[in-house]
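Structural description and commentary
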Amino acid sequence: MRRAELFALQIQLTSEQREALERWLRRPTTSQGLAQRAHIVLECATGKSDVRVARKLRCNRLTVGKWRRRFLRSGLDGLLDEPRPGAPRAIGDEDVERVIVRTLESKPRDATHWSTRSMAKALGMSQSAISRIWRAFSLQPHRSETFKLSRDPLFIEKVRDIVGLYLAPPDRALVLCVDEKSQIQALDRTQPLLPLRPGQPERRTHDYVRHGTTSLFAALDVKTGDVIGECHSRHRAIEFRKFLDTIDASVPADLDVHLILDNLSTHKAPLVKRWLAKRPRYHLHFTPTSSSWLNLVERFFAELTQKQIRRGVHRTTRALIEAIESFIEIRNESARPFVWTKTADEILASLARYCQRTSDSGH
(Lines give C-alpha, C1' and ligand atoms only; values in the text may rest on other atoms or scores of the structure.)
Protein backbone atom coordinates (compact mmCIF):
# COMPACT_ATOMS: atom_id res chain seq x y z
CA MET A 1 0.00 0.00 0.00
CA ARG A 2 1.30 3.43 -0.95
CA ARG A 3 2.28 5.87 1.82
CA ALA A 4 -0.37 8.46 0.74
CA GLU A 5 -3.09 5.79 0.71
CA LEU A 6 -2.01 4.50 4.14
CA PHE A 7 -2.11 8.03 5.54
CA ALA A 8 -5.66 8.45 4.17
CA LEU A 9 -6.78 5.35 6.11
CA GLN A 10 -5.37 6.49 9.43
CA ILE A 11 -8.06 6.55 12.17
CA GLN A 12 -8.36 9.62 14.39
CA LEU A 13 -10.72 9.03 17.35
CA THR A 14 -12.64 11.68 19.22
CA SER A 15 -12.90 11.36 22.98
CA GLU A 16 -16.54 10.26 22.68
CA GLN A 17 -15.68 7.57 20.12
CA ARG A 18 -12.79 6.26 22.21
CA GLU A 19 -14.96 6.13 25.31
CA ALA A 20 -17.70 4.21 23.46
CA LEU A 21 -15.23 1.71 21.98
CA GLU A 22 -13.58 1.08 25.34
CA ARG A 23 -17.01 0.63 26.94
CA TRP A 24 -17.97 -1.97 24.34
CA LEU A 25 -14.68 -3.75 24.92
CA ARG A 26 -15.08 -3.85 28.73
CA ARG A 27 -18.79 -4.63 28.95
CA PRO A 28 -19.35 -8.37 29.60
CA THR A 29 -22.70 -8.36 27.75
CA THR A 30 -21.21 -7.07 24.49
CA SER A 31 -21.29 -9.65 21.70
CA GLN A 32 -17.95 -11.24 20.84
CA GLY A 33 -18.05 -9.85 17.30
CA LEU A 34 -18.69 -6.26 18.36
CA ALA A 35 -15.98 -6.46 21.04
CA GLN A 36 -13.46 -7.65 18.44
CA ARG A 37 -14.37 -4.82 16.05
CA ALA A 38 -13.97 -2.24 18.83
CA HIS A 39 -10.58 -3.72 19.68
CA ILE A 40 -9.50 -3.57 16.01
CA VAL A 41 -10.43 0.10 15.69
CA LEU A 42 -8.66 0.99 18.95
CA GLU A 43 -5.47 -0.73 17.77
CA CYS A 44 -5.68 0.89 14.32
CA ALA A 45 -6.04 4.30 16.00
CA THR A 46 -2.53 3.86 17.44
CA GLY A 47 -1.08 4.04 13.90
CA LYS A 48 -0.39 0.32 13.43
CA SER A 49 -0.73 -1.34 10.06
CA ASP A 50 -3.32 -4.00 9.27
CA VAL A 51 -0.68 -6.69 9.42
CA ARG A 52 0.55 -5.71 12.89
CA VAL A 53 -3.02 -5.40 14.25
CA ALA A 54 -3.97 -8.77 12.75
CA ARG A 55 -0.90 -10.40 14.29
CA LYS A 56 -1.61 -8.92 17.74
CA LEU A 57 -5.33 -9.80 17.76
CA ARG A 58 -4.79 -13.15 15.96
CA CYS A 59 -7.24 -12.47 13.19
CA ASN A 60 -7.11 -12.11 9.40
CA ARG A 61 -5.49 -9.04 7.82
CA LEU A 62 -8.49 -8.63 5.53
CA THR A 63 -10.80 -8.52 8.56
CA VAL A 64 -8.79 -5.65 10.03
CA GLY A 65 -8.89 -3.75 6.74
CA LYS A 66 -12.65 -4.29 6.42
CA TRP A 67 -13.50 -2.80 9.82
CA ARG A 68 -10.97 0.00 9.41
CA ARG A 69 -12.73 1.11 6.22
CA ARG A 70 -16.20 0.61 7.70
CA PHE A 71 -15.34 2.82 10.68
CA LEU A 72 -13.85 5.55 8.47
CA ARG A 73 -16.97 5.50 6.29
CA SER A 74 -19.75 5.22 8.94
CA GLY A 75 -18.18 5.79 12.35
CA LEU A 76 -19.44 3.78 15.32
CA ASP A 77 -22.61 2.80 13.46
CA GLY A 78 -20.48 1.04 10.88
CA LEU A 79 -19.35 -1.48 13.48
CA LEU A 80 -22.88 -2.64 14.28
CA ASP A 81 -24.49 -5.62 12.56
CA GLU A 82 -26.37 -4.79 9.38
CA PRO A 83 -29.93 -6.08 8.87
CA ARG A 84 -29.92 -9.73 7.92
CA PRO A 85 -31.22 -10.69 4.48
CA GLY A 86 -34.31 -12.86 4.34
CA ALA A 87 -37.98 -13.06 3.49
CA PRO A 88 -40.11 -10.01 4.30
CA ARG A 89 -42.31 -10.08 7.38
CA ALA A 90 -45.47 -12.06 6.65
CA ILE A 91 -47.55 -11.01 9.68
CA GLY A 92 -48.24 -7.29 9.91
CA ASP A 93 -49.14 -5.13 12.88
CA GLU A 94 -52.82 -5.32 11.92
CA ASP A 95 -52.76 -9.12 12.18
CA VAL A 96 -51.03 -8.95 15.57
CA GLU A 97 -53.66 -6.48 16.80
CA ARG A 98 -56.47 -8.76 15.60
CA VAL A 99 -55.05 -11.69 17.55
CA ILE A 100 -54.62 -9.66 20.75
CA VAL A 101 -58.08 -8.07 20.58
CA ARG A 102 -59.75 -11.41 19.81
CA THR A 103 -57.90 -13.09 22.68
CA LEU A 104 -58.77 -10.45 25.27
CA GLU A 105 -62.29 -9.50 24.23
CA SER A 106 -63.99 -12.68 23.00
CA LYS A 107 -64.38 -16.40 23.60
CA PRO A 108 -64.83 -19.31 21.18
CA ARG A 109 -68.36 -20.65 20.70
CA ASP A 110 -67.54 -24.10 22.06
CA ALA A 111 -65.11 -23.35 24.91
CA THR A 112 -64.39 -21.04 27.84
CA HIS A 113 -61.02 -19.89 26.45
CA TRP A 114 -58.99 -19.84 23.27
CA SER A 115 -56.33 -22.36 22.30
CA THR A 116 -53.67 -21.78 19.65
CA ARG A 117 -55.48 -24.12 17.28
CA SER A 118 -58.96 -22.61 17.74
CA MET A 119 -57.57 -19.07 17.38
CA ALA A 120 -55.60 -20.04 14.28
CA LYS A 121 -58.71 -21.56 12.71
CA ALA A 122 -60.85 -18.53 13.54
CA LEU A 123 -58.39 -16.02 12.07
CA GLY A 124 -56.96 -18.08 9.22
CA MET A 125 -53.40 -18.02 10.59
CA SER A 126 -50.95 -20.74 11.55
CA GLN A 127 -50.84 -22.17 15.04
CA SER A 128 -47.15 -21.28 15.39
CA ALA A 129 -47.90 -17.63 14.52
CA ILE A 130 -50.57 -17.46 17.25
CA SER A 131 -48.17 -19.06 19.71
CA ARG A 132 -45.41 -16.53 18.91
CA ILE A 133 -47.76 -13.57 19.30
CA TRP A 134 -49.10 -14.85 22.64
CA ARG A 135 -45.56 -15.40 23.94
CA ALA A 136 -44.48 -11.94 22.83
CA PHE A 137 -47.35 -10.30 24.76
CA SER A 138 -47.38 -12.76 27.71
CA LEU A 139 -50.90 -13.97 26.96
CA GLN A 140 -51.80 -17.37 28.49
CA PRO A 141 -55.52 -18.09 27.94
CA HIS A 142 -55.11 -21.66 29.20
CA ARG A 143 -54.16 -20.46 32.71
CA SER A 144 -56.50 -19.31 35.44
CA GLU A 145 -55.78 -18.16 38.99
CA THR A 146 -57.94 -17.39 42.01
CA PHE A 147 -58.25 -14.22 44.06
CA LYS A 148 -60.43 -12.69 46.75
CA LEU A 149 -60.48 -9.10 47.91
CA SER A 150 -61.05 -8.48 51.58
CA ARG A 151 -64.24 -6.70 52.63
CA ASP A 152 -62.96 -5.97 56.12
CA PRO A 153 -63.95 -2.37 57.02
CA LEU A 154 -60.66 -2.05 58.94
CA PHE A 155 -58.55 -3.51 56.16
CA ILE A 156 -56.19 -0.52 55.80
CA GLU A 157 -55.63 -0.18 59.55
CA LYS A 158 -54.90 -3.90 59.96
CA VAL A 159 -52.51 -3.99 57.02
CA ARG A 160 -50.53 -1.06 58.44
CA ASP A 161 -50.52 -2.65 61.90
CA ILE A 162 -49.21 -6.07 60.79
CA VAL A 163 -46.75 -4.83 58.17
CA GLY A 164 -45.43 -2.40 60.77
CA LEU A 165 -44.68 -5.35 63.07
CA TYR A 166 -42.75 -7.07 60.25
CA LEU A 167 -40.70 -4.05 59.17
CA ALA A 168 -40.21 -2.34 62.54
CA PRO A 169 -40.84 -4.78 65.40
CA PRO A 170 -41.10 -3.24 68.89
CA ASP A 171 -38.16 -3.35 71.28
CA ARG A 172 -37.96 -6.10 73.92
CA ALA A 173 -40.76 -8.04 72.30
CA LEU A 174 -41.33 -11.16 70.22
CA VAL A 175 -43.51 -11.18 67.11
CA LEU A 176 -45.05 -14.59 66.47
CA CYS A 177 -47.24 -15.52 63.50
CA VAL A 178 -49.73 -18.11 64.73
CA ASP A 179 -52.17 -20.28 62.80
CA GLU A 180 -53.43 -23.83 62.40
CA LYS A 181 -53.13 -26.23 59.50
CA SER A 182 -56.16 -28.36 60.18
CA GLN A 183 -57.23 -31.76 58.87
CA ILE A 184 -53.82 -32.92 57.60
CA GLN A 185 -54.48 -36.39 56.20
CA ALA A 186 -52.33 -39.46 56.84
CA LEU A 187 -52.43 -40.99 53.36
CA ASP A 188 -51.09 -44.26 52.01
CA ARG A 189 -51.15 -45.22 48.34
CA THR A 190 -53.04 -48.34 47.28
CA GLN A 191 -49.93 -49.71 45.52
CA PRO A 192 -46.19 -49.27 46.12
CA LEU A 193 -44.48 -46.19 44.70
CA LEU A 194 -42.38 -46.60 41.55
CA PRO A 195 -39.09 -44.81 42.29
CA LEU A 196 -37.37 -42.10 40.29
CA ARG A 197 -35.32 -43.36 37.32
CA PRO A 198 -33.31 -41.64 34.57
CA GLY A 199 -35.83 -40.19 32.14
CA GLN A 200 -38.80 -41.13 34.32
CA PRO A 201 -40.27 -39.29 37.32
CA GLU A 202 -41.45 -40.94 40.51
CA ARG A 203 -44.89 -42.48 39.99
CA ARG A 204 -47.70 -43.26 42.41
CA THR A 205 -51.32 -44.33 42.20
CA HIS A 206 -53.98 -41.65 41.93
CA ASP A 207 -56.11 -43.25 44.67
CA TYR A 208 -55.20 -43.59 48.33
CA VAL A 209 -56.25 -44.94 51.72
CA ARG A 210 -56.78 -42.44 54.53
CA HIS A 211 -55.63 -43.39 58.02
CA GLY A 212 -56.93 -40.41 59.97
CA THR A 213 -56.12 -36.71 60.33
CA THR A 214 -54.29 -34.34 62.63
CA SER A 215 -54.19 -30.56 63.09
CA LEU A 216 -50.93 -28.65 63.39
CA PHE A 217 -50.78 -25.55 65.58
CA ALA A 218 -47.70 -23.47 64.69
CA ALA A 219 -46.07 -20.20 65.75
CA LEU A 220 -43.35 -18.67 63.55
CA ASP A 221 -40.82 -16.32 65.14
CA VAL A 222 -40.57 -13.44 62.63
CA LYS A 223 -37.05 -12.47 63.72
CA THR A 224 -35.31 -15.86 63.82
CA GLY A 225 -37.51 -18.10 61.66
CA ASP A 226 -37.85 -20.71 64.44
CA VAL A 227 -41.16 -22.56 64.59
CA ILE A 228 -43.03 -23.78 67.67
CA GLY A 229 -45.30 -26.62 66.59
CA GLU A 230 -47.80 -28.93 68.22
CA CYS A 231 -50.22 -31.48 66.77
CA HIS A 232 -53.70 -32.20 68.15
CA SER A 233 -56.39 -34.58 67.06
CA ARG A 234 -59.07 -31.85 67.19
CA HIS A 235 -59.21 -28.18 66.33
CA ARG A 236 -61.09 -26.35 69.10
CA ALA A 237 -60.58 -23.50 71.52
CA ILE A 238 -59.34 -25.90 74.21
CA GLU A 239 -56.56 -27.18 71.90
CA PHE A 240 -55.63 -23.61 71.00
CA ARG A 241 -55.44 -22.71 74.68
CA LYS A 242 -53.09 -25.66 75.24
CA PHE A 243 -50.92 -24.41 72.40
CA LEU A 244 -50.82 -20.96 74.03
CA ASP A 245 -49.47 -22.70 77.14
CA THR A 246 -46.75 -24.24 74.96
CA ILE A 247 -45.85 -20.83 73.54
CA ASP A 248 -45.81 -19.29 77.02
CA ALA A 249 -43.38 -21.96 78.24
CA SER A 250 -41.12 -21.51 75.18
CA VAL A 251 -40.62 -17.74 75.11
CA PRO A 252 -38.62 -15.64 77.60
CA ALA A 253 -40.77 -14.42 80.49
CA ASP A 254 -39.42 -10.85 80.40
CA LEU A 255 -40.53 -10.09 76.83
CA ASP A 256 -43.83 -8.87 75.46
CA VAL A 257 -45.37 -11.19 72.88
CA HIS A 258 -47.25 -9.97 69.80
CA LEU A 259 -49.36 -12.68 68.16
CA ILE A 260 -50.53 -12.29 64.55
CA LEU A 261 -53.69 -14.33 64.04
CA ASP A 262 -56.58 -14.71 61.63
CA ASN A 263 -60.23 -14.16 62.55
CA LEU A 264 -61.13 -17.76 63.37
CA SER A 265 -63.69 -18.01 66.16
CA THR A 266 -61.33 -20.37 68.01
CA HIS A 267 -58.97 -17.43 68.60
CA LYS A 268 -61.72 -15.33 70.17
CA ALA A 269 -63.41 -17.92 72.37
CA PRO A 270 -64.15 -17.00 76.04
CA LEU A 271 -61.63 -19.62 77.18
CA VAL A 272 -58.88 -17.90 75.18
CA LYS A 273 -59.94 -14.43 76.34
CA ARG A 274 -59.69 -15.49 79.99
CA TRP A 275 -56.22 -16.92 79.35
CA LEU A 276 -55.08 -13.65 77.75
CA ALA A 277 -56.61 -11.52 80.51
CA LYS A 278 -54.29 -13.20 83.03
CA ARG A 279 -51.23 -12.50 80.84
CA PRO A 280 -51.16 -8.82 79.87
CA ARG A 281 -47.82 -9.17 78.08
CA TYR A 282 -49.63 -10.87 75.18
CA HIS A 283 -50.97 -8.60 72.41
CA LEU A 284 -53.16 -9.90 69.58
CA HIS A 285 -53.14 -8.52 66.02
CA PHE A 286 -55.80 -9.91 63.69
CA THR A 287 -55.36 -10.07 59.92
CA PRO A 288 -58.19 -8.69 57.75
CA THR A 289 -60.81 -11.19 56.63
CA SER A 290 -59.80 -13.18 53.52
CA SER A 291 -56.21 -12.00 53.91
CA SER A 292 -54.26 -15.00 55.17
CA TRP A 293 -51.42 -13.93 52.84
CA LEU A 294 -50.52 -11.33 55.49
CA ASN A 295 -49.61 -14.07 57.97
CA LEU A 296 -46.04 -15.27 57.43
CA VAL A 297 -46.72 -18.64 59.04
CA GLU A 298 -48.69 -19.53 55.89
CA ARG A 299 -45.38 -19.53 54.05
CA PHE A 300 -44.10 -22.12 56.52
CA PHE A 301 -47.22 -24.25 55.93
CA ALA A 302 -46.57 -24.11 52.19
CA GLU A 303 -42.98 -25.27 52.75
CA LEU A 304 -44.17 -28.11 54.99
CA THR A 305 -46.73 -29.22 52.40
CA GLN A 306 -44.26 -29.12 49.53
CA LYS A 307 -41.37 -30.86 51.25
CA GLN A 308 -43.06 -33.35 53.57
CA ILE A 309 -46.81 -33.84 53.25
CA ARG A 310 -47.78 -33.81 49.57
CA ARG A 311 -45.62 -36.74 48.50
CA GLY A 312 -45.32 -38.41 51.88
CA VAL A 313 -46.68 -41.87 52.69
CA HIS A 314 -48.04 -42.22 56.23
CA ARG A 315 -49.75 -45.43 57.27
CA THR A 316 -50.82 -44.11 60.67
CA THR A 317 -51.65 -40.77 62.22
CA ARG A 318 -48.74 -41.29 64.60
CA ALA A 319 -46.36 -41.63 61.63
CA LEU A 320 -47.73 -38.39 60.17
CA ILE A 321 -47.24 -36.51 63.44
CA GLU A 322 -43.68 -37.85 63.80
CA ALA A 323 -42.89 -36.71 60.24
CA ILE A 324 -44.21 -33.20 60.95
CA GLU A 325 -42.34 -32.93 64.26
CA SER A 326 -39.14 -34.20 62.64
CA PHE A 327 -39.49 -31.64 59.85
CA ILE A 328 -39.88 -28.79 62.34
CA GLU A 329 -36.94 -29.99 64.45
CA ILE A 330 -34.59 -30.28 61.46
CA ARG A 331 -35.74 -26.93 60.05
CA ASN A 332 -35.12 -25.17 63.39
CA GLU A 333 -31.51 -26.38 63.39
CA SER A 334 -30.73 -23.95 60.55
CA ALA A 335 -33.77 -21.71 60.57
CA ARG A 336 -33.82 -18.59 58.43
CA PRO A 337 -36.53 -15.94 58.69
CA PHE A 338 -38.88 -15.05 55.87
CA VAL A 339 -38.06 -11.43 55.01
CA TRP A 340 -41.06 -9.16 54.41
CA THR A 341 -40.12 -6.48 51.86
CA LYS A 342 -43.24 -4.53 50.83
CA THR A 343 -44.39 -1.56 52.85
CA ALA A 344 -48.04 -1.00 53.69
CA ASP A 345 -48.19 1.91 51.22
CA GLU A 346 -46.88 -0.30 48.41
CA ILE A 347 -49.42 -3.03 49.19
CA LEU A 348 -52.35 -0.59 49.30
CA ALA A 349 -51.21 1.13 46.09
CA SER A 350 -50.96 -2.24 44.33
CA LEU A 351 -54.47 -3.21 45.46
CA ALA A 352 -55.78 0.19 44.36
CA ARG A 353 -54.36 -0.33 40.86
CA TYR A 354 -55.86 -3.81 40.71
CA CYS A 355 -59.27 -2.57 41.78
CA GLN A 356 -59.09 0.24 39.23
CA ARG A 357 -58.29 -2.19 36.41
CA THR A 358 -61.12 -4.48 37.52
CA SER A 359 -63.61 -1.59 37.71
CA ASP A 360 -62.63 -0.32 34.24
CA SER A 361 -62.59 -3.71 32.56
CA GLY A 362 -66.25 -3.60 31.53
CA HIS A 363 -66.98 -7.15 32.76
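Worth saying up front: this structure is predicted, and the values here are computed from it rather than measured.

Scanning the protein chain for helices and strands turns up 14 helices and 5 strands. By its C-alpha atoms, the protein chain is 100 × 60 × 50 Å across when sized along the principal axes. Put simply, 67% of the contacts in the protein chain that link residues at least 6 apart link residues at least 24 apart. Working note: accessible area of the protein chain is about 23,500 Å², and carbon and sulfur atoms make up 50% of it.

Along helix α11 (residues 270-277), the positions that sit buried rather than exposed are Val-272, Trp-275 and Leu-276. Here the buried residues of α11 occupy an arc of 95° about the axis, which is enough to place them on one side. Set apart from the buried face of α11 by more than 90 degrees, the exposed residues are Pro-270, Lys-273 and Ala-277. Buried residues belonging to α11 abut α10 (237-250) and β5 (282-286).

With that out of the way, let us pick up the pairing of β5. Here 5 bridges tie strand β4 (residues 256-261) to β5, and the two strands are oriented parallel to one another. Pairing of Val-257 across the sheet is with Tyr-282, part of β5.

Position of Asp-179 relative to the elements: it lies in strand β1 (residues 173-189). Lys-181 provides the closest opposite charge to the buried, salt-bridge-free Asp-179, at an N-O distance of 9.5 Å. Here Asp-179 is in contact with Leu-216, Phe-217, Ala-218, Asp-262, His-267, Asn-295, Val-297, Glu-298 and Phe-301, once residues within four sequence places are set aside.

This paragraph deals with the pairing of β4. Within β4, 5 of the 6 residues are buried, which leaves it mostly tucked inside the rest of the structure. Taking the sense of rotation as the criterion, the β-α-β connection linking β4, α11 and β5 turns out right-handed.

Our focus in this paragraph is the layout of surface pockets. Taken as a whole, the second largest pocket holds about 400 Å³ of empty space. Residue lining of the second largest pocket: 12 residues in total, with Thr-103, Leu-104, Glu-105, Ser-106 and Lys-107 positioned closest to the centre. Looking at the lining of the second largest pocket residue by residue, the classes come out as 4 nonpolar, 6 polar and 2 charged.

Residue placement: Arg-331 occurs in helix α13 (residues 317-333). Within the structure, the side chain of Arg-331 is placed 3.1 Å from the side chain of Glu-303, a separation counted as a polar contact. Arg-331 has contacts with Gly-225, Val-227, Phe-300, Glu-303, Arg-336 and Phe-338, leaving out every residue within four places of it along the chain.

Attention now goes to helix α12 (residues 297-309). The periodicity of an α-helix, 3.6 residues per turn, causes residues three or four positions apart to be oriented the same way. Restricting attention to buried positions, one finds in α12 the residues Val-297, Phe-300, Phe-301, Glu-303, Leu-304, Thr-305 and Ile-309. The inward-facing, buried residues of α12 abut β1, β2 (208-221), β3 (227-232) and α13.

If you walk across this open sheet you meet the 5 strands as β3-β2-β1-β4-β5, and the pairing is mixed. The open sheet has two edge strands with one neighbour each: β3 and β5. With direction set aside, neighbouring strand axes in the sheet form an average angle of 25°. Relative to β2, β1 runs antiparallel, the two sharing 11 bridges.

This part covers the packing of α12 against α13. The geometry of α12 relative to α13 is characterised by a closest axis approach of 11 Å and an angle of 115° between their N-to-C directions. Here the hand of the crossing between α12 and α13 comes out right-handed. Where α12 abuts α13, its residues Phe-300, Glu-303, Leu-304, Lys-307 and Gln-308 lie against Ala-323, Ile-324, Phe-327, Ile-328 and Arg-331.

Right, let's talk about the packing of aromatic side chains for a bit. Counted according to the given criterion, the structure contains 6 aromatic pairs. With a centroid separation of 6.2 Å and 35° between ring planes, the pair formed by Phe-300 and Phe-327 is classed as tilted. Here Phe-327 lies in helix α13 and Phe-300 lies in helix α12, a separation of 27 residues in the sequence. Note on Phe-300: relative accessible area 0%, which makes it buried.

Bringing the pattern of salt bridges into the picture now. Tallied over the full model, the rule gives 18 salt bridges. The partner of Arg-143 in a salt bridge is Glu-145, and the shortest N-O contact between them spans 3.2 Å. A residue is classified by how much of its surface remains accessible, and Arg-143, at 47% relative accessible area, is partly exposed. Linked by salt bridges that have partners in common, Glu-43, Lys-48 and Lys-56 make up one network.

On to the environment of Cys-59, then. One can find Cys-59 in the loop between α4 (50-57) and α5 (61-74). Given the relative accessible area of 18%, Cys-59 is considered buried. Remark: the alpha-carbon pair of Cys-59 and Gln-36, spanning 23 residues in sequence, is separated by 9.5 Å. Filtering out sequence-adjacent residues up to four positions away, Cys-59 remains in contact with Gln-36, Ile-40, Ala-54 and Val-64.

The rules we used
Residues numbered from 1 in each chain as written. Predicted model: local features only at pLDDT ≥ 70, side-chain atom pairs only at ≥ 80, totals over all residues. Heavy atoms only, no water. Helix = DSSP H or I, 4+ residues; strand = E, 2+ residues; numbered from the N terminus. Contact = heavy atoms within 4.5 Å. Areas by Shrake-Rupley, 256 points an atom, 1.4 Å probe, with all protein chains shown as cover. Buried < 20%, exposed > 50% of the residue type's maximum accessible area, 1.4 Å probe, protein only. Arc of directions from axis to C-beta. Pairing = 2+ DSSP bridges. Lys, Arg positive; Asp, Glu negative; His and termini not counted. Salt bridge = Lys/Arg side-chain N within 4 Å of Asp/Glu carboxyl O. Right-handed = clockwise from strand over helix to strand, strands pointing away. 1 Å grid on protein atoms, 1.4 Å probe; cavity = no way out; pocket = protein on both sides within 12 Å on 5 of 7 lines; lining within 4 Å. Points joined across faces, edges and corners; volume = space filled by probe spheres on them. Nonpolar A, V, L, I, M, F, W, Y, C, P; charged D, E, K, R; others polar. Polar contact = N/O pair within 3.5 Å; in protein donor to acceptor, adjacent residues only side chain to side chain. Axes fitted to C-alpha atoms, helices over the stretch in contact; angles between N-to-C directions. Left-handed = near helix turned anticlockwise from the far one by under 90°. Phe/Tyr/Trp six-rings, centres within 6.5 Å; stacked < 30°, edge-to-face > 60°.

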